[in-house]
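# Coordinates in review
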Amino acid sequence: MGFDLTRRDFFTLLAAAAVRCRAGVPELPERPPVARGMGVCVYSYGRGRFKDAGEFLSHCHGIGASGVQVGLGTDVAASAKVREKAGEWGMYVEGQVGMPKMEGEVGRFEAEVVGAKAAGAEVVRGAMLSGRRYETFETGEAFKKFAADSWEALVRAEKVLKKHGMRLALENHKDFRVAEMIGMMERISSEFVGVCIDTGNSISLLEEPNHVVEAYAKWGVSCHLKDMGVKEYEEGFLLSEVPLGKGFLDLRRMMEVMRRANAKIQFNLEMITRDPLKIPCLTKKYWVVMEGARGEELAEMIRLVRAKGSKALPGVGGMSAEEKAKFEDRNVRESFEYLRV
């Protein structure tokens, strides 16, 4: 509903503003609650839902998102169109890149960075491992080799990022534990390398979620915001993304911690609609690649699962592609409703 501003009201407000300025108090709008301004990571939807970044941007604009995190590819002309449309809608764009794990991949990585920059991105998200530490590696030595190779990939990437003035947000992607990830951040010590803080992933590595966010906040340049549900099973526990507010994470506290450390950090919803993941933390194979994890952490996580566990977790087994798409849409919509409360 509009209102009428009289001449007297106008000069009253003008005088008040002048008093504030003389007192050294800037005339600025109130800072919005930390829950506002969420974008969407493309992983919130199944592969093939959108033909390209432009179509994804348009969809996210339609649901009221503030921005997107999406792969832009290497087509600079297409990226420029994304930038134009995002500017028209007042949306931000973050890119996604594949890390240069071999020297021969540096050219492809640089082309992706250039494509992201052409779309207006200042941050690109990357990850070292596409799978999960305890599923991918059979031995501790295999994981150590992966860690060494990951460092080399980060060094290669940093040179390209510095050249183009782009910041990398490296995700805690069920691969590195806090001490390992921070070790890389401190070693690379670059303004162009930070962390994409995923609020739920590190639970799978027996790390308490509030501790994870607090530990990474200093390096946080982007965020995968998600809520999590858990449930015991015979070899450990099940872990599942659920709509924001339906899990056990203290999301508003986490967001405030991250924003205090970096007022410009973007929160990207990553609501992956899938079957629950098995975290086999009571098996020998799991512990073979978990150097640095302690029995106390296992005990604390099991206690947390028992205290916060759900009777049932969502799944997509037996759903058609159309049914899964509708389920995805509902989960994303419910997550946005949580943040509007």
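Residues numbered from 1 in each chain as written. Predicted model: local features only at pLDDT ≥ 70, side-chain atom pairs only at ≥ 80, totals over all residues. Heavy atoms only, no water.

### Some thoughts on the nonpolar core
Membership of the largest hydrophobic core comes to 94 residues, with the highest contact counts inside it found for Phe-56, Leu-154, Leu-161 and Phe-237. No other element matches helix H6 (residues 140–164), which puts 8 residues into this core. Among residues more than four places away in sequence, those in contact with Phe-56 are Val-40, Cys-41, Val-42, Tyr-45, Phe-50, Val-68, Gln-69 and Val-70. (Core = buried A, V, L, I, M, F, W, Y, C linked by side-chain atoms within 4.5 Å. Buried < 20%, exposed > 50% of the residue type's maximum accessible area, 1.4 Å probe, protein only. Helix = DSSP H or I, 4+ residues; strand = E, 2+ residues; numbered from the N terminus. Contact = heavy atoms within 4.5 Å.)

### Here we look at the sheet that holds strand S9 (residues 236–242)
Strand order in the open sheet formed by 3 strands is S8-S9-S11, and the pairing between neighbours is antiparallel. The open sheet has two free edges, formed respectively by strand S8 (227–233) and strand S11 (277–279), since each of these has just one partner strand. Neighbouring strand axes in the sheet, compared pairwise and without regard to direction, differ in orientation by 30 degrees on average. In terms of strand pairing, S9 meets S11 through 3 bridges, oriented antiparallel. Counterpart to Leu-238 in the pairing with S11 is Lys-278. Sitting on the sheet, helix H11 (residues 295–308) is in contact with S8 and S9, with an inclination near 100 degrees to S8. (Pairing = 2+ DSSP bridges. Axes fitted to C-alpha atoms, helices over the stretch in contact; angles between N-to-C directions.)

### A closer look at the packing of helix H4 (residues 106–118) against H6
One can describe the packing of H4 onto H6 by two numbers: an axis separation of 10 Å at closest approach and a directional angle of 35 degrees. Between H4 and H6 lies a crossing whose hand is right-handed. Across the interface between the two elements, Val-106, Phe-109, Glu-110, Val-113, Val-114 and Lys-117 of H4 pack against Arg-156, Ala-157, Val-160, Leu-161, Lys-163 and His-164 of H6. Classifying every residue of the contact of H4 with H6 gives 7 nonpolar, 1 polar and 4 charged. (Left-handed = near helix turned anticlockwise from the far one by under 90°. Nonpolar A, V, L, I, M, F, W, Y, C, P; charged D, E, K, R; others polar.)

### Thoughts on the sheet that holds strand S2 (residues 67–70)
Sheet architecture is closed into a barrel: 8 strands sit in the order S1-S2-S3-S4-S5-S6-S7-S10, paired in parallel fashion. On average, adjacent strands in this sheet sit at an angle of 30 degrees to one another, irrespective of strand direction. Two strands pair when backbone bridges link them, and strand S1 (residues 38–41) and strand S10 (residues 267–269) are joined in this way by 3 bridges, in the parallel orientation. What sits directly across from Met-38, in S10, is Phe-267. The sheet contacts of helix H12 (residues 321–340) involve S1 and S10, and relative to S1 the element is tilted by about 160 degrees.

Any link to function would need more than the numbers given here.
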